Amino acid sequence: MNKMENDETRHLMSLKELALLGDGEVAYIKQLDSDSAERLFPALDDAPEGIDLFAVLGADGTPLALTDSRNAAIANALENDLVPVSVH
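It should be emphasised that the depicted structure is a prediction, and the values quoted were computed from it without experimental measurement. (Residues numbered from 1 in each chain as written. Predicted model: local features only at pLDDT ≥ 70, side-chain atom pairs only at ≥ 80, totals over all residues. Heavy atoms only, no water.)

(A) Structural view of the overall build of the chain. Along the chain, the regular secondary structure elements total four helices and four strands. The proportion of buried residues among the 88 residues of the chain is 24%. The contacts of the chain with a sequence gap of at least 6 include a subset with a gap of at least 24, amounting to 44%. Accessible surface, the chain: about 6,500 Å² in total, of which carbon and sulfur atoms supply 52%. (Helix = DSSP H or I, 4+ residues; strand = E, 2+ residues; numbered from the N terminus. Buried < 20%, exposed > 50% of the residue type's maximum accessible area, 1.4 Å probe, protein only. Contact = heavy atoms within 4.5 Å. Areas by Shrake-Rupley, 256 points an atom, 1.4 Å probe, with all protein chains shown as cover.)

Here you go:
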């Protein structure tokens with residue numbers, strides 16, 4: 001470490017702070033298979049198999065919407081004044 005690093009106070013983010021980073025500003029778009037969609041959206045019964053599904057997630061991972069189109073997921077985020085970001 002150099003002298004500047006020694007003199008600086010470092011602030012590490014807590015897991016809660018990290019989870020809230022981008023809250024209300026960012027929406028994550030994640031492609032899911034039917035099993036993953038059912039786990040993420042428990043109210044969903046018998047998700048269609050063999051098609052791609054796209055979840056819109058809040059910055060903290062909260063499921064916000066589910067659709068069968070990436071473009072529709074992006075539109076949902078934009079309609080809610082959120083910046084869409086893809087999750088791989």
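(B) Broad picture of the sheet that holds strand β3 (residues 63-67). Read from one edge of the open sheet, four strands run β3-β2-β1-β4, paired in mixed fashion. At either end of the open sheet lies a strand with only one pairing partner, and these are β3 and β4 (83-87). Taking the axes of each pair of neighbouring strands and ignoring which way they run, one obtains an average angle of 25° across the sheet. Taken together, the four bridges between strand β2 (residues 53-58) and β3 define a ladder with antiparallel strand orientation. From the neighbouring strand, Ala 55 faces β3, where its bridge partner is Leu 66. (Pairing = 2+ DSSP bridges. Axes fitted to C-alpha atoms, helices over the stretch in contact; angles between N-to-C directions.)

(C) Structural detail: the nonpolar core. Counting residues in hydrophobic clusters, the biggest one holds eight residues: Ala 27, Ile 29, Phe 54, Val 56, Ala 65, Ala 73, Ala 77 and Leu 82. Taken together, the elements giving at least two residues each to this core come down to β1 (26-32), β2 and α4 (70-79). Contacts of Ala 65, omitting those with residues within four sequence positions, involve Phe 41, Phe 54, Ala 55, Val 56 and Asn 76. Counting seven residues, the second-largest nonpolar core is a separate cluster that includes Leu 32, Phe 41, Ala 47 and Leu 53. (Core = buried A, V, L, I, M, F, W, Y, C linked by side-chain atoms within 4.5 Å.)

These results come straight from atomic positions and should not be treated as a statement about function.
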